[in-house]
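# Remarks on the overall topology
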Amino acid sequence: MKGIGKGLSVIMVVFLAVAMVASAGFAETVKVGVLLPLTGSQAKFGEIEKRSMEMAVEEINAKGGANGKAIELIFEDDTGKPDVGRSAVEKLISRDKVPVITGGYSSSVTAASTPVAQQFKVPFVVCTGSADDITEKGYNYVFRINPAASEYPNAVRTFLKDVAKDVKTVALLYENSSFGQSSSKSFEKDAAELGLKIVVKEGYQAGAIDFTPLLTKVKAANPDLIYMVSYVMDASLLMRQSKELQINPKLFVGGGAGFTLPEFAKSAGDASDGVYSATLWVETLPFPGAKEYFKNFQKRYGADTEYHGAEAYAAIYVVADALRRAKSITPKDVRDALTHTDMKTAFGPVKFVSYGKKTQQNKVDTYMVQWQKGELEAVWPTSAATKKYIYPTPHWDMRK
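The rules behind each value
Residues numbered from 1 in each chain as written. Predicted model: local features only at pLDDT ≥ 70, side-chain atom pairs only at ≥ 80, totals over all residues. Heavy atoms only, no water. 1 Å grid on protein atoms, 1.4 Å probe; cavity = no way out; pocket = protein on both sides within 12 Å on 5 of 7 lines; lining within 4 Å. Points joined across faces, edges and corners; volume = space filled by probe spheres on them. Nonpolar A, V, L, I, M, F, W, Y, C, P; charged D, E, K, R; others polar. Pairing = 2+ DSSP bridges. Helix = DSSP H or I, 4+ residues; strand = E, 2+ residues; numbered from the N terminus. Right-handed = clockwise from strand over helix to strand, strands pointing away. Axes fitted to C-alpha atoms, helices over the stretch in contact; angles between N-to-C directions. Parallel < 35°, antiparallel > 145°, perpendicular 65-115°, else oblique. Contact = heavy atoms within 4.5 Å. Buried < 20%, exposed > 50% of the residue type's maximum accessible area, 1.4 Å probe, protein only. Polar contact = N/O pair within 3.5 Å; in protein donor to acceptor, adjacent residues only side chain to side chain. Phe/Tyr/Trp six-rings, centres within 6.5 Å; stacked < 30°, edge-to-face > 60°. Salt bridge = Lys/Arg side-chain N within 4 Å of Asp/Glu carboxyl O.

This part covers empty space enclosed by the protein. All chains considered together, the criterion is met by one cavity of 30 Å³ or more. Of the volumes computed, that of the largest cavity is approximately 70 Å³. Around the largest cavity sit Tyr105, Ser106, Ser107, Thr128, Gly129, Ser130, Tyr152, Phe179, Tyr231, Ala257, Tyr307 and His308, which together line it. In terms of residue class, the lining of the largest cavity is made up of six nonpolar, six polar and no charged.

Printed below as a string of structure tokens:
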């Protein structure tokens, strides 16, 4: 019965999509493939990105779509697994005949899926997968809107240099995934450049049910900074157990990912208070449509959004812009149009450039946020701050 129910829901989604296109008066549609984790442990991220993309496509179609053609999103669930992601991209290309694909949440799935798009010469506009090597393979059909993982802590570096000058030792905890390993290697390099000593460096398997042994080791080392690269449930458990064990560094910092989601604060409770995170976006930045996107998302879904949603929202606008400029709606012509992208979005400027080992990579600034009384506030750099940072983080037994 579950299979029947799922099948009916898929049919209903397709029916509604067709009905919406027909009611808007479009005679033709352009299919855009989307790869996201809609089930499994990463589904919360997939949900926020899917919702953001659906908002974007409705706005674009309400204004005429792509040269009078309605954009129709074809979603494929990668379930957070690389092999499923590869198969999904093959399906989008071979069966659905999409001229362009976007999405790509986890680094491991994105790294496994983009070679398929390159092989079939169909452009893939990555919006979240951040392992550095995704844009370091010389692929000419792969583009990335978000920065590489090594660039996420740029604002953290300046905060440590300009504010947290008394931090001397670091514990580095990370998920054993492409994103976690890439991010940890990058931060290890940053720490060396800042003269910080890494006293604990430990990877862990996602979905752990008890971090006590790991955190006991961290407590014994007594670091000034605990830097964590974790998805949302692991991030929440790490903070709850850090509170239970009374681990009191000068600051806890997350490397993006799970630490910026509303679910983090809900799951971690008051253990989230004071936690910093690297982030790529906040709605108060002076980007066209940033505040409107945030408010419209809140109104429509009764929930907050954050940088993952903004990336996905912008990705649809970038794809639509390329479809409008393309000589024809073919993968090659859409790819050629993408190479000339130079636009401002709610996520920030988007222009695909090459630097270092990277090709067709967008360069964006990064920021620091901090959870303060259940609200995620921008705190660094000061030019983007909505609240002043709280530093050092108060000891657990000194909080009200």
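Moving on from the model shown.
Right, let's get into the pairing of strand S7 (residues 197-204). With seven bridges connecting them, strand S6 (residues 169-175) and S7 associate as parallel partners. Residue pairing for S7: leucine 173 is matched across the bridge by glutamate 202. Each parallel crossover has a hand, and for S6 linked through helix H6 (residues 178-193) to S7 it is right-handed.

With that settled, consider the packing of helix H2 (residues 43-62) against helix H10 (residues 290-301). With their axes 11 Å apart at the nearest point, H2 and H10 run at an angle of 110° to one another. Judged on the interaxial angle alone, H10 and H2 are roughly perpendicular. Where H2 approaches H10, its residues Ile48, Arg51, Ser52, Glu54, Met55, Glu58 and Glu59 are matched on the opposing element by Tyr293, Asn296, Phe297, Arg300 and Tyr301. Taken together, the residues that form the contact of H2 with H10 break down as five nonpolar, two polar and five charged.

Okay, the side chain of aspartate 190 next. In this fold, aspartate 190 is placed in helix H6. Look at aspartate 190 and you get buried, because its relative accessible area is 5%. A polar contact is formed between the side chain of aspartate 190 and the side chain of arginine 157, at a distance of 2.5 Å. Those residues in contact with aspartate 190 that lie beyond four places of it in its chain are Pro153 and Arg157.

Secondary-structure assignment places valine 163 in the loop between helix H5 (154-162) and S6. Considering only alpha carbons, one finds valine 163 and serine 236, 73 residues apart in sequence, at a separation of 26 Å. The residues contacting valine 163, other than those within four sequence positions of it, are Thr158, Trp380, Tyr389 and Tyr391.

This next bit is on the packing of aromatic side chains. Going through the model one piece at a time under the given rule, you end up with 20 aromatic pairs. Both rings, one in phenylalanine 159 and one in tyrosine 391, keep their centres 6.2 Å apart while their planes meet at 85°; by these two values the pair is edge-to-face. In this pair, phenylalanine 159 sits in helix H5 while tyrosine 391 sits in the segment after strand S15 (375-380), placing the two residues 232 residues apart along the sequence. Summarising the burial analysis for this pair, phenylalanine 159 and tyrosine 391 share the class buried. For the pair tryptophan 380 and tyrosine 389, a centre-to-centre distance of 6.3 Å together with 65° between the ring planes defines the contact as edge-to-face. Overall, the relative accessible area of 10% leaves tryptophan 380 in the buried class. By the ring-pair criterion, three or more aromatic residues cluster together here, those being Trp281, Tyr293, Phe297, Tyr301, Tyr313 and Tyr317.

Here we come to the environment of threonine 386. When you line up the elements, threonine 386 lands in the segment after S15. Exposure remark for threonine 386: the relative accessible area of 34% places this residue in the partly exposed category. Not counting the four nearest positions on each side in its chain, threonine 386 is found in contact with Thr284, Glu377 and Ala378. A polar contact is formed between the side chain of threonine 386 and the side chain of glutamate 377, at a distance of 2.7 Å.

Before going further, it helps to spend a moment on the sheet that holds strand S9 (residues 251-254). As summarised here, the arrangement of the seven strands in space is S7-S6-S8-S9-S10-S14-S15, forming an open sheet in which the pairing is mixed. Edge positions in the sheet fall to S7 and S15, since each of these pairs with one other strand and no more. Across this sheet, the average inter-strand angle for adjacent strands is 25°, counted without regard to direction.

Moving on: the pattern of salt bridges. Under the criterion given, the structure shown has 18 salt bridges. For glutamate 58, the salt bridge goes to arginine 300, with nearest N and O atoms at 2.9 Å. Separated by 242 residues along the polypeptide, glutamate 58 in helix H2 and arginine 300 in helix H10 bring together distant segments of the chain. For glutamate 58, a relative accessible area of 33% translates into the label partly exposed. For arginine 300, a relative accessible area of 40% corresponds to the partly exposed category. Notably, a salt bridge pairs aspartate 321 with arginine 325, separated by 2.9 Å at the nearest N-O pair. One end of the pair is aspartate 321 and the other is arginine 325, both in helix H11 (residues 307-325) and four residues apart, which spans about a single turn. On the accessibility criterion, aspartate 321 (18% relative accessible area) is buried. Each of Glu76, Lys91 and Asp96 takes part in salt bridges that share partners, so that together they form one network.

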